[in-house]
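# Commentary on secondary and tertiary structure
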Amino acid sequence: MTRRCVICNHAGALELPYWENMCVFCVAYGLNLRLESIRLGIKSVLQTCANCGRPAAYLWVNRLPLCGRCAESAEAEPGGELPAGLQA
Ligand SMILES: [Zn+2]
Ligand SMILES: [Zn+2]
């Protein structure tokens, strides 16, 4: 028996746990939408200052994003990001 897609009514619906009764085209479309929303979520996190929540101005590899004010104060504090043993 051929199952039909519940979205577009094409024959050939898959029997996957999450994408039950959807054809491969609608599954691919749904995955794209989910990936896009995840991507936007990550982007908005990366664009927000980790310290005060204002729009971030600076991004570093392996460091949280900061706005201009917080980046300046972080640099102004001597040893702020250094391990305890290296602080003055
Ligand atoms: Zn479909
Ligand atoms: Zn900030």
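Quick summary incoming for the structure in this document. Just so it is clear, the model here is predicted, and its values are computed rather than measured.

## Some words on the overall build of the chain
The secondary structure content of the chain amounts to two helices and zero strands. Buried residues in the chain amount to 18% of all 88 residues. Of all intrachain contacts in the chain linking residues separated by at least 6 positions in sequence, the fraction that spans at least 24 positions is 0%. If you sum the accessible surface of the chain, you get close to 7200 Å²; carbon and sulfur atoms cover 58% of it.

## Topic: the packing of aromatic side chains
Applying the stated criterion across every chain yields a total of one aromatic pair. Judged by centre distance (4.9 Å) and plane angle (80 degrees), the ring pair of Y18 and W19 falls under edge-to-face.

## Some remarks on the coordination of the zinc ion (ligand 1)
Distances from the zinc ion (ligand 1) to its protein donors, namely C5 (SG), C8 (SG), C23 (SG) and C26 (SG), fall within the range 2.3 Å. Coordination at the zinc ion (ligand 1) is tetrahedral: its four donor atoms span angles of 105 to 119 degrees at the metal. In terms of primary sequence, the donors binding the zinc ion (ligand 1) are separated according to C-x2-C-x14-C-x2-C. There is no split in this pair, since C23 and C26 are both buried.

## Quick word on the pattern of salt bridges
As enumerated under the stated definition, the model contains two salt bridges in all. Residue E15 is joined to R3 by a salt bridge in which the shortest nitrogen-to-oxygen separation is 4.0 Å. Residue E15 is located in the segment before α1 (24-46), and its partner R3 is located in the segment before α1; the two are separated by 12 residues in the primary sequence. Of the charged contacts in the structure, one is a salt bridge between E36 and R39, with a shortest N-O distance of 3.0 Å. Placement of both E36 and R39 in helix α1 is noted, with a separation of three residues, approximately one turn of the helix. Relative accessible area serves as the criterion here: at 47%, R39 is assigned to the partly exposed category.

## A closer look at the coordination of the zinc ion (ligand 2)
Protein coordination at the zinc ion (ligand 2) comes from C49 (SG), C52 (SG), C67 (SG) and C70 (SG), with a distance range of 2.3 Å. Because the angles between the four donor atoms bound to the zinc ion (ligand 2) fall within 105 to 116 degrees, the donor set is best described as tetrahedral.

## Overview of unusual backbone geometry
A positive phi angle is found at N9, which is not glycine, with a value near 70 degrees. Exposure remark for N9: the relative accessible area of 49% places this residue in the partly exposed category. Backbone geometry places N21, a non-glycine residue, at a positive phi of 65 degrees. Note that N21 resides in the segment before α1. The class for N21 is partly exposed, based on a relative accessible area of 25%.

Cut-offs applied
- Residues numbered from 1 in each chain as written.
- Chains lettered and ligands numbered in written order.
- Predicted model: local features only at pLDDT ≥ 70, side-chain atom pairs only at ≥ 80, totals over all residues.
- Heavy atoms only, no water.
- Helix = DSSP H or I, 4+ residues; strand = E, 2+ residues; numbered from the N terminus.
- Buried < 20%, exposed > 50% of the residue type's maximum accessible area, 1.4 Å probe, protein only.
- Contact = heavy atoms within 4.5 Å.
- Areas by Shrake-Rupley, 256 points an atom, 1.4 Å probe, with all protein chains shown as cover.
- Phe/Tyr/Trp six-rings, centres within 6.5 Å; stacked < 30°, edge-to-face > 60°.
- Donors = N, O, S within 2.8 Å, 3.2 Å for Na, K, Ca; no water.
- Tetrahedral: all angles 85-135°; square planar, octahedral: opposite > 155°, others 65-115°.
- Salt bridge = Lys/Arg side-chain N within 4 Å of Asp/Glu carboxyl O.

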